[in-house]
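Listed below are the residues making up each chain.
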Amino acid sequence: MLGVCYYPEHWPEERWSTDASMMADLGIRFVRIGEFAWSRLEPARDRFDWTWLDHALDTLNMAGLQVILGTPTATPPKWLIDQRPDILAWDQNGQPRRFGSRRHYCFTSPAWREETARICLIMAKRYGDHPAIVGWQLDNEYGCHDTVLSFAPHCRSAFQSWLERRYGTIDRLNKSWGTVFWAQDYQDFAQIGLPHQTVTEAHPAHRMDFWRFSSDQVISYNRMQAEIIRQHSPERFISHNAMGLFHDFDHRALAADLDVITWDSYPLGFTDQRMGLDEATRARLATSGHPDIAAWHHDLYRGTSEGGRFWVMEQQPGPVNWADHNPIPAPGMVRLWTLEALAHGAEVVSYFRWRQAPFGQEQMHAGLLRPDGVPAPVVDEIKRLQHDLRKLDLGAKTSAPANVAIIADDASHWIYGIQPQGMNFDLKALNFAFYSACRRLGLNVDVLRPGADLTGYALVIVPSLPLLPKALIDALAGYKGKVVVGPRSGSKTREMQTPPELAPGSLQTWLPLKVIQVGSLPPSVDRSVVWRNKRYRLAIWYEHIESDLEPEGHFDDGSGAVFHTGHWHYLAFWPDETFLLDYLESIFEELDIETMRLADSLRLRRLGDLNFAFNSGPEALKTPAPDGANFLLGGDEIEPRDVAIWRN
Ligand code: GAL
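Cut-offs applied
- Residues numbered from 1 in each chain as written.
- Predicted model: local features only at pLDDT ≥ 70, side-chain atom pairs only at ≥ 80, totals over all residues.
- Heavy atoms only, no water.
- Phe/Tyr/Trp six-rings, centres within 6.5 Å; stacked < 30°, edge-to-face > 60°.
- Helix = DSSP H or I, 4+ residues; strand = E, 2+ residues; numbered from the N terminus.
- Buried < 20%, exposed > 50% of the residue type's maximum accessible area, 1.4 Å probe, protein only.
- Lys NZ or Arg CZ within 6 Å of the ring centre and 35° of its normal.
- Axes fitted to C-alpha atoms, helices over the stretch in contact; angles between N-to-C directions.
- Parallel < 35°, antiparallel > 145°, perpendicular 65-115°, else oblique.
- Left-handed = near helix turned anticlockwise from the far one by under 90°.
- Contact = heavy atoms within 4.5 Å.
- Nonpolar A, V, L, I, M, F, W, Y, C, P; charged D, E, K, R; others polar.
- Core = buried A, V, L, I, M, F, W, Y, C linked by side-chain atoms within 4.5 Å.
- Pairing = 2+ DSSP bridges.
- Polar contact = N/O pair within 3.5 Å; in protein donor to acceptor, adjacent residues only side chain to side chain.
- Domains from an automatic or database assignment.
- Salt bridge = Lys/Arg side-chain N within 4 Å of Asp/Glu carboxyl O.
- Patch = residues over 30% accessible without salt bridge, like charges linked within 9 Å, V, L, I, M, F, W, Y side chains within 5 Å.
- Areas by Shrake-Rupley, 256 points an atom, 1.4 Å probe, with all protein chains shown as cover.
- Lys, Arg positive; Asp, Glu negative; His and termini not counted.
- Charge placed at Lys NZ, Arg CZ, Asp CG, Glu CD.
- Near = heavy atom within 4 Å.
- 1 Å grid on protein atoms, 1.4 Å probe; cavity = no way out; pocket = protein on both sides within 12 Å on 5 of 7 lines; lining within 4 Å.
- Sits in = over half its atoms within 2 Å of the grid points.

Draft legend 1. Quick look at the packing of aromatic side chains. Taken as a whole and judged by the stated rule, the model has 45 aromatic pairs. An angle of 70 degrees between the planes, with centres 5.3 Å apart, marks the rings of Trp296 and Tyr435 as edge-to-face. Placement of Trp296 in helix 12 (residues 293-304) and of Tyr435 in helix 16 (residues 427-440) is noted, with a sequence separation of 139 residues between them. Relative to Tyr583, the ring of Trp531 has its centre 5.2 Å away and its plane inclined at 70 degrees; by these criteria the two rings are edge-to-face. Placement of the pair is Trp531 in strand 14 (residues 527-531) and Tyr583 in helix 18 (residues 577-590), with a sequence separation of 52 residues. For the pair shown, Trp531 and Tyr583 are each scored as buried. Chaining the aromatic ring pairs together yields one cluster made of Trp38, Tyr105, Phe107, Trp112, Tyr142, Tyr221, Phe246 and Phe249. The ring of Phe425 carries the charged tip of Arg488 above its face, separated from the ring centre by 4.5 Å. When the ring centre of Tyr542 is taken as reference, the NZ or CZ atom of Arg527 above it lies at 4.5 Å.

Draft legend 2. Here's a closer look at the packing of helix 1 (residues 13-25) against helix 3 (residues 51-62). For the pair helix 1 and helix 3, interaxial distance at closest approach is 9 Å and the crossing angle is 30 degrees. On the basis of the axis angle, helix 1 is roughly parallel to helix 3. Note on packing geometry: the crossing formed by helix 1 with helix 3 is right-handed. Of helix 3, the residues touching helix 1 (which contributes Glu13, Trp16, Ser17, Ala20 and Met23) are Trp52, His55, Ala56, Thr59 and Leu60. Its residues assigned to classes, the contact of helix 1 with helix 3 comprises six nonpolar, three polar and one charged.

Draft legend 3. Region of interest: the nonpolar core. Of all hydrophobic cores here, the largest spans 176 residues; its most connected members are Leu368, Phe573 and Leu584. The greatest single-element share of this core, amounting to 12 residues, is contributed by helix 8 (residues 204-232). Residues Leu465, Leu507, Leu549 and Trp568 belong to the second largest nonpolar core, which totals 26 residues.

Draft legend 4. Looking closely at the sheet that holds strand 23 (residues 630-633). Read from one edge of the open sheet, four strands run 20-21-25-23, paired in antiparallel fashion. The open sheet has two edge strands with one neighbour each: strand 20 (602-607) and strand 23. Adjacent strand axes in the sheet meet at a mean angle of 25 degrees, parallel and antiparallel pairs treated alike. Relative to strand 25 (residues 642-647), strand 23 is paired through three bridges, and the arrangement is antiparallel. Paired with Phe631 across the bridge in strand 25 is Trp646.

Draft legend 5. Focus on the environment of Ala644. Topologically, Ala644 is positioned in strand 25. C-alpha separation for the pair Ala644 and Ala613, spaced 31 residues apart in sequence, amounts to 5.2 Å.

Draft legend 6. Broad picture of the side chain of Ser305. In this fold, Ser305 is placed in the loop between helix 12 and strand 7 (310-315). Accessibility expressed as a relative area gives 6% for Ser305, which makes it buried. Among the polar contacts listed, one links the side chain of Ser305 to the backbone nitrogen of Gly308, at a separation of 2.9 Å. Beyond its immediate chain neighbours, meaning those up to four positions away, Ser305 contacts Ala255 and Ile261.

Draft legend 7. Examining the pairing of strand 20 more closely. In terms of residue burial, strand 20 counts as a mostly covered element, since five of its six residues are buried. Pairing of strand 20 with strand 21 (residues 610-615), which is carried by six bridges, proceeds in the antiparallel orientation. Within the sheet, the bridge partner assigned to Leu607 lies in strand 21 and is Leu610.

Draft legend 8. The arrangement of the pairing of strand 12 (residues 482-485) in detail. Residues Lys482 and Val484 line one face of strand 12 and the alternating positions Val483 and Val485 line the opposite face, and both faces are buried. In terms of strand pairing, strand 11 (residues 459-462) meets strand 12 through four bridges, oriented parallel. Bridged to Val462 within strand 12 is Val485. Sheet analysis places strand 12 next to strand 19 (residues 568-571), joined by three bridges and oriented parallel. Bridge pairing links Val485 to Tyr570 in strand 19.

Draft legend 9. How the structure looks around the sheet that holds strand 6 (residues 260-265). With parallel pairing, eight strands are arranged side by side around a closed barrel as 1-2-3-4-5-6-7-8. With strand direction ignored, the average angle separating the axes of adjacent strands in the sheet is 25 degrees. Summarising the sheet, strand 1 (residues 2-5) and strand 8 (residues 349-351) pair through three bridges and their orientation is parallel. Across the sheet, residue Gly3 finds its bridge partner in strand 8, namely Ser350. Helix 13 (residues 333-343) rests against strand 1, strand 7 and strand 8 of the sheet, and its axis sits at about 150 degrees to strand 8.

Draft legend 10. Region of interest: the domain arrangement of the protein chain. Structurally, the protein chain comprises domain 1 (2-152 + 209-395), domain 2 (167-206), domain 3 (404-590) and domain 4 (605-647). Summarising the inter-unit geometry, the C-alpha centres of domain 2 and domain 3 are found 31 Å apart. Taken residue by residue, the interface counts seven residues in domain 2 and five residues in domain 3. Here domain 2 and domain 3 share zero salt bridges between them. Put simply, domain 2 and domain 3 have one residue pair in polar contact (both at pLDDT 80 or more) between them. Among the elements of the structure, helix 7 (170-177) and helix 8 are those that each provide at least two residues to the side of domain 2 that touches domain 3. Here the side of domain 2 that touches domain 3 gets three residues from one element, more than from any other, and that element is helix 7. Taken together, the residues that form the side of domain 2 that touches domain 3 break down as three nonpolar, two polar and two charged.

Draft legend 11. The arrangement of a negative patch on the surface in detail. On the surface, Asp627, Asp636, Glu637 and Glu639 cluster together into a negatively charged patch. If you trace the backbone, Glu639 turns up in the loop between strand 24 (637-638) and strand 25. Residue Glu639 is classed as partly exposed on the basis of its relative accessible area of 43%.

Draft legend 12. Structural view of the site of the ligand. The environment of the ligand is made up of Phe36, Arg102, Asn140, Glu141, Asp264, Tyr266, Glu314, Trp322, Phe352, Glu362 and His365. One of the side-chain N or O atoms of Arg102 is found 2.8 Å from an oxygen atom in the ligand. Take Glu362: an N or O atom from its side chain is 2.3 Å from an oxygen atom of the ligand. For the ligand, the protein covers 95% of the area, taking 310 Å² as the surface of the free molecule. Comparing atom positions with the cavity grids shows the ligand to sit within the largest pocket. Residue classes in the shell around the ligand are distributed as four nonpolar, two polar and five charged.

This is the structure:
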């Protein structure tokens, strides 16, 4: 169940067999290679050097390792960019991006599509049935370094055609967008530019369609690669490695063209830099990461994949190089993260990277081996982990559906990016707050994409979906359990307009209330929500509601904040952590679902007949297992950064 990312082209050939046998000895079975190797595979147009890759594949194969081969398109080489500069993406300022790092291409560029098809076809034909290869990774981290949107001239004409296909006539576009505002009416699709470099913000409908267009470019680009590989490499799986806290394209659509979606887990980097946590919390979690950050993504990508299949393709094995601060993970955390991923249903956890590079942009990024080729201290953790895994037989276990589902998509992030209406309104944090509260209460959670089947869930949470896809409304119509809806849900139409019936839009079929005004708050404003005689801090967002329902909770001014009718619940504000714990706990109680309040650093997960408890904190904790539990790992106390597993 373990893998590693390896760059044979970084090391002398004489070393490869040593690396391969060290990997095998460590119990590693999968090796991903090749995703940044174009300049060594084709040093000049049509001059290929396959010898080294042939040799690397054979060396790994002989050690019994199975290879995931990357298509090398994340790094188009210098000679190619010089020959066809229109491959380059253009930034917001209308400047071509430059060669010298990676991901400098534009998804839309016709030249790039041609070159991608060429290299994929050549590689698929050459290696499609190589016995070492069990799967492919297409490209690497689409969108990393802010590369989904591109403002090149060819994007403009492609966007115009996309709009013409979508709207048919320019009058329809004008009407749908609402271009009468600020005299933005168009007479022809050919007049429409890309939404950048405008004096102040560009029209929201224009921006939203540009997001949709850009996401479509990623999807069709990926599909093109998938079709070529699939045709010439039958019986190998096709994957792509998605990122954490990243929503710049529609991942559900991407996953539909893959056999397995994978994601790259860097808990410390995410906790330090990307979660918007306050200074004190970041300090507390500096060497362990937030206890829910990896879990959230496991559940998210499990729900994104067609058949629930996912891998962790890159697991942080030590300090990374790219966050504001890059501490060394506390001893035990790499083992904990690995077991946690497997407990959430990952098929494989693969470490990034095998050996720390002494050169290049990522020379400060740890690997399993030190730059001098000697095992880093983390290798002892992996040996211990191998020992654990032999006892567990996790491969045979599957995730049973959870009691609670959270619905999330990518497009909502584009909408709030375009109209945040308050700089702290970050949907990633809101989704995460609901998730984290359920996990603190000891529950398994499924994260679903809108339109997924809701049958069997006792509770469905919609933290905030401004645009309610019809598939979701249809699924909710037949759903019998409880629903908690968060603020701003149903507040936009497809055209980025306010719905005529106001928010929460079509949810008013079940929730007889209307959002008549919304407000956002700067962090220093001190206001509250009172629910069941307890006062909670109100921050970030609140709404004024018109309704005949008697509110269950109120703002300081007495107006309604918490609403409930039948099995529908509405929160007219951004709920804080304490409120969510109390509120969701009461809902689970009504549903007869047993919860427990776990310590900050303790989390549970059930997989098949196994119960896992993860303690990512610095102190030993009592294991929340029943008396006489049959422990496979650990016991009544869980040591710091350790895991207990019992069966029932
Ligand atoms: C990922 C990427 C890898 C490497 C790694 C460093 O985003 O896929 O190539 O850059 O981060 O943490």
